[in-house]
Amino acid sequence: MTEKSIRVRVPGTSANCGPGFDCLGLACTVYNDLELRLTHEPGLSITMTGEGATNIPCDNHNIVWRSAQYLLEKAGKDRDYRGAVIHMENRVPLSRGLGSSATAIVAGLTAANALIGNPFNRRELLQFATDIEGHPDNVAPAIFGGFTVNAVTNGRVDCFSFLPRFRMKFVVAVPNFPLSTRMARKVLPTEVPMKDAIFNIGRASMLVAALTRGNERYLRLGLDDALHQPYRAELIPGMYDVFKAACRAGAAGATLSGAGPCLIAYVLERRHAEEKVGKAMLEAFKKHDVEARILTLDLDTHGAQILKE
């Protein structure tokens, strides 16, 4: 058995999209690249550049390697390949709400799958990724691209992916502090009022309808949330002021990206307002003594891809 390398590229993601807590997600044009070579002999060599290079573990705890091992075990190939050479080029900010852990999981699964002849399809990779991550809202768009609607039934994941009827820019304000998903989940209540549940069902349904029909008015309405953002606002100084500033500058709406602290504004491309929106978001953050940077992104429509040499 020969040893060969493969390169994959995985997009960052923004989960929840406002009201779609743990269910909705989108893929955006910021990418992590992975080069993976599986080896027959034990041993692990991990190198990386870019975002999080000094914080990501380079041992058996590395999530790329753990994900690759998971797939090899599922395929019955874990005794054939007992080690790996891994190089990561990271552009997705770490622990900021743009799916950095999801990109690593999907990259490891996709690369390992390709190296052993692609025994699993993308739906099966989604199931594996969800089993590892715990929820599908980030890993699904990383695999399929576009927007995704996800549902889990008795542990089995179903995913509907689609492209919106209008072109959008995503203006992301990236604060200069991290926020772990674990911490962001700790502030959430275990139960919510019925009125808040009804509110979010309506908004999430409206959001998907607006995206599929291309309706700007209902896009604005569909980005509101009552289930997680109000509780997480205490962790992100000025969050709602940043939302308001983005909308005043021309955004259709703004939400927390994933668990945060990134805030993402949805800007219709035809309005050419992304520069103004980004500036307004930075200024609003500064009023709360938060330094941030802006990423202006498009919707990724492909998901994880094998890179040709």
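Just above, that's the structure.
All of the points below concern the structure found in this document. Keep in mind that what you see is a predicted model, and the values were worked out from it rather than measured.

**Here we look at helix α2 (residues 100-115)**
Line of reasoning, step 1. Between its first and last C-alpha atoms α2 spans 23 Å; for 16 residues at 1.5 Å apiece the expected length is 22 Å, and the two agree.
Line of reasoning, step 2. A positive backbone phi angle near 95° is found at G117, which sits one or two residues after α2.

**What to know about the nonpolar core**
Line of reasoning, step 1. By size, the foremost hydrophobic cluster in this structure holds 42 residues, and its most contacted members are L34, L36, L38, L71, I86, M88 and L126.
Line of reasoning, step 2. The residues contacting M88, other than those within four sequence positions of it, are D33, L34, I46, T47, M48, T49, I56, N62 and V64.
Line of reasoning, step 3. Counting residues in hydrophobic clusters, the runner-up holds 27 residues, among them V92, F166, C262 and L299.

**Remarks on the pairing of strand β2 (residues 24-39)**
In the case of a regular strand, side chains alternate between the two sheet surfaces.
Line of reasoning, step 1. In terms of residue burial, β2 counts as a mostly covered element, since twelve of its 16 residues are buried.
Line of reasoning, step 2. Pairing analysis gives three bridges linking β2 to strand β5 (residues 147-153), with the strands arranged antiparallel. Each residue of the ladder has a partner; that of G25, found in β5, is T148.
Line of reasoning, step 3. Note: β2 against strand β4 (residues 83-90), seven bridges, orientation antiparallel. Considered in β4, the bridge of L36 is made with I86.

**Here's the deal with the packing of helix α9 (residues 239-248) against helix α10 (residues 274-286)**
Line of reasoning, step 1. Relative to each other, α9 and α10 sit at 155°, their axes nearing to 8 Å. Accordingly, the angle class assigned to the pair α9 and α10 is roughly antiparallel. For the element pair α9 and α10, the recorded crossing hand is right-handed. Residue-level inspection shows D241, V242, A245 and A246 of α9 in contact with α10, the latter providing V277, A280, M281, A284 and F285.
Line of reasoning, step 2. Taken together, the residues that form the contact of α9 with α10 break down as eight nonpolar, no polar and one charged.

**Side note on the packing of aromatic side chains**
Line of reasoning, step 1. One pass over the structure, following the stated rule, counts seven aromatic pairs.
Line of reasoning, step 2. Of the aromatic side chains, those joined through ring pairs into one cluster are F147, F160, F162, F170 and Y266.
Line of reasoning, step 3. Over the ring of Y31 we find R9; its NZ or CZ atom is 5.9 Å from the centre of that ring.
Line of reasoning, step 4. A cation sits over an aromatic face here: R203 above F199, 3.9 Å from the ring centre.

**Describing the packing of helix α1 (residues 63-75) against α2**
Line of reasoning, step 1. Between α1 and α2, the shortest axis-to-axis distance is 7 Å and the interhelical angle comes to 45°. Here α2 runs oblique to α1, going by the angle between their axes. The interaxial crossing formed by α1 with α2 has right-handed handedness. Of α2, the residues touching α1 (which contributes I63, V64, S67, A68 and L71) are A104, I105, G108, L109, A112 and N113.
Line of reasoning, step 2. Of the residues in the contact of α1 with α2, the class split is eight nonpolar, three polar and no charged.

**Description of the pairing of β4**
Line of reasoning, step 1. One ladder, built from eight bridges, connects strand β3 (residues 43-50) with β4; its direction is parallel. Counted as the bridge partner of I46 is I86 from β4.
Line of reasoning, step 2. Once you follow β3 into α1 and on to β4, the crossover reads as left-handed.

**Observations concerning α10**
Line of reasoning, step 1. Taking 1.5 Å as the rise per residue, α10 with 13 residues should run 18 Å; its terminal C-alpha atoms sit 18 Å apart, in good agreement.
Line of reasoning, step 2. When we look at burial in α10, the residues that qualify are V277, G278, A280, M281, A284 and F285. Take α10 and look down its axis: the buried residues cluster within an arc of 165°, on one side only. Exposed side chains of α10 directed beyond 90 degrees from the buried face belong to E275, K276, K279 and K286.
Line of reasoning, step 3. On its buried face, α10 is in contact with β7 (168-175), α9, β9 (263-268) and β10 (292-297).

**Comments concerning the pattern of salt bridges**
Line of reasoning, step 1. Summed over all chains, the structure comprises 16 salt bridges.
Line of reasoning, step 2. Across the pair R91 and D33 runs a salt bridge, and its minimum N-O distance is 3.4 Å. With R91 in the loop between β4 and α2 and D33 in strand β2, this pair connects stretches of sequence that are 58 residues apart.
Line of reasoning, step 3. A salt bridge links E216 to R220; the shortest N-O distance between them is 3.5 Å.

The rules behind the values
- Residues numbered from 1 in each chain as written.
- Predicted model: local features only at pLDDT ≥ 70, side-chain atom pairs only at ≥ 80, totals over all residues.
- Heavy atoms only, no water.
- Helix = DSSP H or I, 4+ residues; strand = E, 2+ residues; numbered from the N terminus.
- Expected span 1.5 Å × (residues − 1).
- Core = buried A, V, L, I, M, F, W, Y, C linked by side-chain atoms within 4.5 Å.
- Buried < 20%, exposed > 50% of the residue type's maximum accessible area, 1.4 Å probe, protein only.
- Contact = heavy atoms within 4.5 Å.
- Pairing = 2+ DSSP bridges.
- Axes fitted to C-alpha atoms, helices over the stretch in contact; angles between N-to-C directions.
- Parallel < 35°, antiparallel > 145°, perpendicular 65-115°, else oblique.
- Left-handed = near helix turned anticlockwise from the far one by under 90°.
- Nonpolar A, V, L, I, M, F, W, Y, C, P; charged D, E, K, R; others polar.
- Phe/Tyr/Trp six-rings, centres within 6.5 Å; stacked < 30°, edge-to-face > 60°.
- Lys NZ or Arg CZ within 6 Å of the ring centre and 35° of its normal.
- Right-handed = clockwise from strand over helix to strand, strands pointing away.
- Arc of directions from axis to C-beta.
- Salt bridge = Lys/Arg side-chain N within 4 Å of Asp/Glu carboxyl O.

Treat this as a map of the structure, not an account of what it does.
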